[in-house]
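Fold and contact review
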Amino acid sequence: MKTLTVDLPGRAYDILIQRGLLDQAGARIRAILPRASRLFVVTDTNVLPLYHARVRDALREAGFQTQACAVPAGEASKSAGQLSDLWERMMAFGLTRTDAVVALGGGVVGDLAGFAAATVLRGVDFIQIPTTLLAQVDSSVGGKVAIDLQAGKNLAGAFWQPKLVLMDPDTLDTLDDRTFADGMAEVLKYGCIFDRAFFDLLAGRPSRGALMADIESILYTCCDLKRSVVIRDERDTGERMLLNFGHTLGHAYELAGHYETWTHGQAVAAGMVLAARLGVALGVTPAEVPGQVEAAVAALGLPTRIDCTHADYAAAIGLDKKGAGEDITLILLEALGRAIPHKMPKAELLKLL
Ligand code: GLY
């Protein structure tokens, strides 16, 4: 078992990483929520038939009453309609303030269930059981929960830290290759922005089999890096923004593909390559870095370039929640393994693009 603690004052929680951990979910949650009697499990239509029965049995063995709600798999479920439906179901189940919400699934499920937990009854405890690589290395850690609005992704949400994160790497075995690669984009991002040796390790073993052979330590490294950032900047006003490397430009690609053609990770992968190139053009990034990032992205089976229109770039820049006024903060690489924020006028960035 690998254990990490996200040591936020008054809200510290553990991340547990172990193969087969799903079967221990009940005992692990009971240990931190001794007074809870009901657990409302949010999952999706893909995950329900794969893992729900095991988790439900483990929870019931530990004395919890459970009810599950499976939302349709996909980004469209991060909606106000689904959120309101969850609230009503939680009340019909008899959820009280000493009970908890469990998210069993990927990033969509975690974000939606987390926001429901943050808001129902003015906030109840929340447990993350992420089952995709992207959710395990990124969205399940750090407390960002949200739904999407017509105006854009994640525009209504909260910072609501989980009480516990349970990661069972065996759940990654049922991901298709595209979804596995989707998560690898975020894994590679940690190497690009914080850890050159980790980048080299990933670049040297891009096959899924080789990555899975070392998956527990890969998950540990990513979560360790993320938790250090979250502890120092929970509210995303400084250092946490470095985690957005590749995301501003990736957002343009997601917009161009109407959030369907490209997965988040594919868009971020191409966004990281372009951000490395922009860094060179802006005199921040050493000339050899874009080629290194591009080779690692390609070796993982991710796109190194995605075409989009100037209008998509403009929309992505204009909507970016991190852009203040007429300026935008782009995350650039000062070196491979070291990222910095770079504030510049939006108009200048658009011209460069
Ligand atoms: N996914 C970026 C963050 O948690 O800040």
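Read on for an overview of the structure. Keep in mind it's a predicted model, so treat the numbers as computed, not measured.

Attention now goes to helix α10 (residues 247-256). Judged by how many residues are buried, α10 sits mostly within the fold: 9 of 10 residues are covered. Two residues or fewer after α10 comes His-258, characterised by a positive phi angle close to 50°.

Examined against the element boundaries, Asp-236 turns out to sit in the loop between α9 (215-232) and α10. Residue classification places Asp-236 among the buried residues on the basis of a relative accessible area of 15%. At 2.8 Å, the side chain of Asp-236 and the side chain of Lys-144 are in polar contact. Within the local environment of Asp-236, its side chain forms a polar contact with the backbone nitrogen of Met-241, the two atoms lying 3.4 Å apart.

The next subject is the site of the ligand. All residues in the neighbourhood of the ligand are listed as Asp-138, Lys-144, Lys-226, Arg-240 and Leu-243. The side chain of Asp-138 places a nitrogen or oxygen atom 3.0 Å from a nitrogen atom of the ligand. When the ligand sits alone it has 200 Å² of accessible area, and the protein chains cover 88% of it.

The sheet built from 7 strands is open, its strands ordered β1-β2-β9-β6-β5-β3-β4 with mixed pairing. Single-partner strands in this sheet number two, and they are β1 (2-6) and β4 (65-71). Mean inter-strand twist for the sheet, computed between neighbouring axes without regard to direction, equals 15°. For strand β3 (residues 38-44) and β4, the ladder comprises 7 bridges, and the chain directions are parallel. Considered in β4, the bridge of Leu-39 is made with Thr-66.

Let us now look at the state of the cysteines. One pass over the full model with this rule turns up 0 disulfides. Of all cysteine sulfurs in the structure, the one in Cys-222 sits closest to Cys-223, which takes part in no disulfide; the separation is 6.6 Å. Not part of a disulfide, Cys-308 finds its nearest cysteine sulfur in Cys-192, a span of 20 Å.

Time to look at the packing of aromatic side chains. Per the counting criterion, the structure on display carries 2 aromatic pairs. On the basis of an interplanar angle of 65° and a centroid distance of 6.0 Å, the ring pair of Tyr-253 and Tyr-313 is categorised as edge-to-face. You can see Tyr-253 sitting in helix α10 and its partner Tyr-313 sitting in helix α13 (residues 310-319), a full 60 residues away along the chain. With respect to burial, Tyr-253 and Tyr-313 carry one shared label: buried. If you follow Arg-38 out to its NZ or CZ, it ends over the ring of Phe-93, 5.8 Å from the centre.

A separate point is the packing of helix α7 (residues 196-204) against helix α12 (residues 289-299). Each pair of packed helices can be described by the angle between their axes along with the distance between the axes. Here α7 crosses α12 at 45°, and the two axes come no closer than 9 Å. Here α12 runs oblique to α7, going by the angle between their axes. α7 and α12 meet at a crossing whose hand is left-handed. Contacts between α7 and α12 pair Arg-196, Phe-199 and Ala-203 from the former with Gln-292, Val-293 and Ala-296 from the latter. Tallied by class, the residues present in the contact of α7 with α12 amount to 4 nonpolar, 1 polar and 1 charged.

With respect to the helices and strands, Gln-82 occurs in helix α3 (residues 80-93). For Gln-82, a relative accessible area of 18% translates into the label buried. The residues touching Gln-82, leaving out its near neighbours within four places in the chain, are Val-71, Pro-72, Ser-77 and Leu-112.

Our focus in this paragraph is the pairing of β1. Both β1 and strand β2 (residues 13-17) contribute to a ladder of 5 bridges, which runs antiparallel. Pairing of Leu-4 across the sheet is with Ile-15, part of β2. Counting the residues in the hairpin turn of β1 and β2 gives 6 residues, including Gly-10, whose phi is positive at 75°.

Attention now moves to the packing of α10 against helix α11 (residues 264-281). Where α10 contacts α11, the axes come no closer than 7 Å and their chain directions differ by 130°. Accordingly, the angle class assigned to the pair α10 and α11 is oblique. The two elements α10 and α11 meet at a crossing, and its hand is right-handed. Across the interface between the two elements, His-247, Leu-249, Gly-250, Tyr-253 and Glu-254 from α10 touch His-264, Ala-267, Val-268, Ala-270, Gly-271, Leu-274, Ala-275 and Leu-278 from α11. Partitioned by chemical class, the residues of the contact of α10 with α11 number 8 nonpolar, 4 polar and 1 charged.

Here the focus is the nonpolar core. Residues Ile-15, Leu-133, Val-187, Leu-188, Cys-192, Val-293 and Leu-333 are the most contacted members of the largest nonpolar core, which totals 74 residues. In terms of residues, this core owes the most to one element, α11, which gives 10 residues. Judged by nonpolar contacts, the second largest core, of 23 residues, contains Val-71, Leu-83, Phe-93 and Val-124.

Okay, the environment of Leu-8 next. Relative to the assigned elements, Leu-8 resides in the loop between β1 and β2. For the pair formed by Leu-8 and Glu-234, sequence separation is 226 residues and the distance between their alpha carbons is 8.4 Å. Ignoring anything within four residues of it in the chain, the contact list for Leu-8 reads Tyr-13, Gln-161, Val-230, Ile-231 and Glu-234.

What counts, and where the lines are drawn
Residue indices begin from 1 for each chain and proceed along its sequence in written order. With the structure being a predicted model, the display of local features is reserved for residues of pLDDT at least 70 and the display and counting of side-chain atom pairs for 80 or more, all residues being used for whole-chain, interface and lining totals. Water and hydrogen atoms were dropped before computing side-chain values, which therefore reflect all heavy atoms in the structure. Per-residue accessibility, obtained with a 1.4 Å probe over protein chains only, is compared with the maximum for each type, and a residue is labelled buried under 20%, exposed over 50%, and partly exposed between these values. Put simply, DSSP marks the helices as runs of H or I at least four residues long and the strands as runs of E at least two long, and each gets a number from the N terminus on. Polar contacts, as counted here, are pairs of nitrogen or oxygen atoms within 3.5 Å of one another; within protein the pair requires one atom able to donate a hydrogen and one able to accept it, and residues that are adjacent in sequence qualify only if both atoms are side-chain atoms. When at least one non-hydrogen atom of a residue lies within 4 Å of a molecule or strand, that residue is treated as near it. Where accessible areas are quoted, they stem from the Shrake-Rupley method and a 1.4 Å probe; at the residue level, only the protein chains shown are allowed to cover. Here, strands pair whenever DSSP counts at least two bridges between them. Between N-to-C directions, angles span 0 to 180 degrees; the directions come from axes that are lines fitted to C-alpha atoms, helices contributing only their stretch in contact. Note on terminology: pairs of cysteine sulfur atoms within 2.5 Å are recorded as disulfides. The criterion for an aromatic pair is that two Phe, Tyr or Trp rings (for Trp, the six-membered ring) have centres within 6.5 Å, with stacked assigned to planes under 30 degrees apart, edge-to-face to planes over 60 apart and tilted to the rest. Charge over a ring is defined by NZ of Lys or CZ of Arg lying within 6 Å of the ring centre and within 35 degrees of the ring normal. With respect to orientation, any angle under 35 degrees is reported as roughly parallel, any angle over 145 as roughly antiparallel, any angle of 65 to 115 as roughly perpendicular, and every other angle as oblique. By convention the crossing between two helices is left-handed if the near helix lies anticlockwise of the far one by an angle smaller than a right angle, and right-handed if it lies clockwise. What makes two residues a contact is simply this: any of their non-hydrogen atoms within 4.5 Å. Ten residues, namely Ala, Val, Leu, Ile, Met, Phe, Trp, Tyr, Cys and Pro, are considered nonpolar, four, namely Asp, Glu, Lys and Arg, are considered charged, and the remaining ones, Gly among them, are considered polar. Put simply, buried Ala, Val, Leu, Ile, Met, Phe, Trp, Tyr and Cys residues joined by side-chain atoms within 4.5 Å make one nonpolar core.

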